[in-house]
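Fold and contact review
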Amino acid sequence: MKGTPLVSIIIPVYNGDNYVAEAIESALAQTYSDIEVIVIDDGSSDGGATAKIVEQYIPRIRYIKKENGGVATALNRGIREMRGEYFSWLSHDDLYSPNKIKDQIDFLSSMNFPDVIVYSGHTNLVEECGKLSVIRHAVYDDLEFRAREIVANNQIHGCTLLIPYKAFDQVGLFDEKLRVAQDYELWFRMAEKYPFRYLDMVVTTGRVHGKQTGKRLHDRVIKENDQFRLNCINHLHVREIVAMGAGSYVRGLLRLSMRMYKMGCPISHSHLSGRLKELVTDRSKGGAERLTAAFALGVDAFYTAFLQVARKSKTSIISKALRLI
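Okay, so let's go over this structure. Worth saying up front: this structure is predicted, and the values here are computed from it rather than measured. Residue positions within a chain follow its written sequence, with the count starting from 1. Reporting of local features is limited, given that this is a predicted model, to residues whose pLDDT is at least 70; pairs of side-chain atoms are given and counted only at 80 or more, and all residues count toward the totals for whole chains, interfaces and linings. Here the side-chain values reflect all heavy atoms present in the structure, with hydrogen atoms and water set aside.

On to the overall build of the protein chain. The number of helices and strands found in the protein chain is 14 helices and nine strands. Here the protein chain has a C-alpha radius of gyration of 21 Å; the compact-globule value for 325 residues is 20 Å, and the two agree. Along the first, second and third principal axes, the C-alpha set of the protein chain runs to 70 × 45 × 35 Å. The cut-offs for exposure are 20% and 50% of the maximum accessible area for each residue type, with area from a 1.4 Å probe on protein chains only; residues under the lower value are buried, those over the upper are exposed, and the others partly exposed. Each of the 325 residues in the protein chain was classed as buried or not, and the buried ones make up 49%. Only heavy atoms matter for contacts: two residues are in contact if any of them lie within 4.5 Å across the pair. Put simply, of all contacts in the protein chain between residues at least 6 apart along the chain, 74% involve residues at least 24 apart. Looking at the protein chain as shown, the accessible area adds up to about 15,400 Å², and 52% of this sits on carbon and sulfur atoms. The average position of the 43 basic charges and that of the 38 acidic charges among the side chains of the protein chain differ by 6 Å. Going along the chain from the N terminus, every DSSP run of H or I of four or more residues is numbered as a helix, and every run of E of two or more is numbered as a strand. Our radius of gyration is a C-alpha quantity, and the globule rule it is checked against amounts to 2.2 Å times the number of residues to the power 0.38. Using a 1.4 Å probe, the Shrake-Rupley method yields the accessible areas, and only the shown protein chains count as cover for residues. The charge count treats Lys and Arg as positive and Asp and Glu as negative. His and the chain ends do not count. Lys charges are placed at NZ, Arg charges at CZ, Asp charges at CG and Glu charges at CD.

Encoded structure:
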């Protein structure tokens with residue numbers, strides 16, 4: 001591969017006249033020159049306000065309009081239209097740092113462009129209060145990455161990723177039936193085939209505001225995320241759960257179960273608790289393993305009871321303890 005592969009920056013937008021100009025500007029301001037910027041208008045219904053802004057950037061960008069179908073359909077349209085060797089997603093209300101693409105391409109170049117997916121840190125900007133928070137990642141090996149980083153940690157920002165186009169040929173596109181978990185569902189599938197490599201830089205600023213899909217579809221977000229995680233858990237290999245538990249299958253189940261409860265995923269939590277109960281009653285297992293599972297089940301029950309109390313309590317000591325768990 002040449003040292004300067006073409007990177008396609010895909011910006012899906014729906015009724016985004018308030019932010020889309022800043023997103024486009026941050027894409028066009030990249031210090032890496034071999035880029036194309038494609039804006040996919042997912043059937044905006046704002047009387048042409050979004051179109052009026054985006055059209056000002058033609059021909060520096062490509063602008064494609066489609067019927068409304070959700071962000072997954074817009075991203076998939078962009079992937080089908082892209083000419084680049086790498087895909088980079090930018091939400092219409094987020095921003096790239098000027099060196100986002102260059103730093104990630106340099107990172108890949110230093111490794112002679114292996115077939116990997118790059119992810120990086122990001123900053124969250126809460127617009128209501130102007131609060132900034134920086135999200136960085138621990139580095140996990142490939143065997144525990146899906147269970148820890150995708151299912152349990154829920155911190156990867158899709159707009160930090162740089163994905164080789166060939167990954168979509170092998171794994172497929174975003175699931176268009178999903179409205180809020182379409183990104184993590186795809187990362188989970190990709191992580192089985194492609195290693196994720198972390199570049200420890202903050203490359204994206206993500207806005208947190210009231211008009212986001214997750215805010216508008218709060219109940220659906222909770223239900224879809226829970227169902228997504230249950231599906232992931234059912235597709236984790238035993239060795240991945242063992243890795244999550246630092247060599248122990250029971251400990252891996254326990255850690256996932258506790259995390260699902262804290263994240264507000266009752267279906268996933270109940271499923272994992274059920275697996276521990278099955279181990280306790282499975283006569284084919286050795287006594288030590290059954291005893292370990294019973295102990296883990298007790299820890300899980302204590303943890304859930306503690307969180308219930310902590311969430312209702314305004315006591316500062318309990319609140320601090322909750323943040324540490």
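Below, the discussion takes up the sheet that holds strand β2 (residues 35-42). Strands sit in the order β3-β2-β1-β4-β8 across an open sheet of five strands; the sheet is mixed. The sheet is open, and its two borders are formed by β3 (62-66) and β8 (163-164), each paired with just one other strand. In this description, strands pair whenever DSSP reports at least two bridges between them. Across two bridges, strand β4 (residues 86-89) lies against β8 in antiparallel orientation. In the strand pairing of β8, Tyr-86 is matched with Pro-164. Relative to the sheet, helix α1 (residues 20-28) contacts β1 (7-13) and β2, its axis offset from that of β1 by approximately 180°. For helices, the fitted axis covers only the stretch in contact; all axes are lines through C-alpha atoms, and the angles between them, taken along N-to-C directions, range from 0 to 180 degrees.

Turning our attention to the packing of aromatic side chains. Pairing of aromatic rings covers Phe, Tyr and Trp, the last through its six-membered ring, and needs centres within 6.5 Å; plane angles under 30 degrees mean stacked, over 60 mean edge-to-face, and all others mean tilted. The final tally for this structure, using the stated rule, is 10 aromatic pairs. Look at Phe-87 and Phe-168: their rings are 5.3 Å apart centre to centre, the planes differ by 85°, and that puts the pair in the edge-to-face class. A residue pair is termed long-range when its members are at least 10 positions apart, and Phe-87 in strand β4 and Phe-168 in helix α6 (residues 165-171) qualify at 81 residues. There is no split in this pair, since Phe-87 and Phe-168 are both buried. Ring geometry for Trp-89 against Phe-174: centres 6.0 Å apart, planes inclined by 80°, an arrangement best described as edge-to-face. Taken together, the residues Trp-89 in strand β4 and Phe-174 in the loop between α6 and α7 (182-193) connect sequence positions 85 residues apart. Accessibility assignment for this pair places Trp-89 and Phe-174 in one class, buried.

This paragraph deals with the pattern of salt bridges. By definition, a salt bridge exists where a carboxyl oxygen of Asp or Glu is found within 4 Å of a side-chain nitrogen of Lys or Arg. Overall, the coordinates contain 16 salt bridges when judged by the stated rule. The closest approach of N and O atoms between Arg-77 and Glu-81, which form a salt bridge, is 3.1 Å. Taken as a pair, Arg-77 and Glu-81 lie in helix α3 (residues 71-81) at a separation of four residues, close to a single helical turn. The exposure class of Arg-77 is partly exposed, given its relative accessible area of 27%. Given a relative accessible area of 27%, Glu-81 falls into the partly exposed group.

For the rest of this paragraph, the subject is the packing of helix α11 (residues 249-262) against helix α12 (residues 266-281). α12 packs onto α11 with a crossing angle of 155° between their chain directions and a minimal axis gap of 8 Å. The angle between the axes of α11 and α12 places the two elements in the roughly antiparallel class. In this structure, α11 crosses over α12, and the sense of that crossing is left-handed. Note on element contacts: α12 touches α11 through Ser-268, His-269, Leu-272, Ser-273, Arg-275, Leu-276 and Leu-279, opposite Tyr-249, Val-250, Leu-253, Leu-254, Leu-256, Ser-257, Met-260 and Tyr-261. Its residues placed into classes, the contact of α11 with α12 shows 10 nonpolar, four polar and one charged. Orientation labels follow simple angle bins: below 35 degrees gives roughly parallel, above 145 gives roughly antiparallel, 65 to 115 gives roughly perpendicular, and whatever is left gives oblique. By definition, any crossing whose near helix is turned counterclockwise from its far helix by less than a right angle is left-handed, and any crossing with a clockwise turn is right-handed. All amino acids are sorted into three groups, where Ala, Val, Leu, Ile, Met, Phe, Trp, Tyr, Cys and Pro are nonpolar, Asp, Glu, Lys and Arg are charged, and the leftover types, Gly among them, are polar.

It is worth spelling out the side chain of Thr-50 at this point. As for its position among the elements, Thr-50 is in helix α2 (residues 49-54). Identification of polar contacts relies on pairs of N or O atoms within 3.5 Å, with a donor-acceptor requirement for protein atoms, meaning one able to donate a hydrogen and the other able to accept it, and with residues adjacent in sequence counted only if both atoms are side-chain atoms. Among the polar contacts made by the side chain of Thr-50, one reaches the side chain of Asp-46 at a distance of 2.5 Å. With residues up to four places along the chain from it excluded, the contact list for Thr-50 reads Val-13, Asn-15, Gly-16, Asp-17, Asp-41, Ser-44 and Tyr-63.

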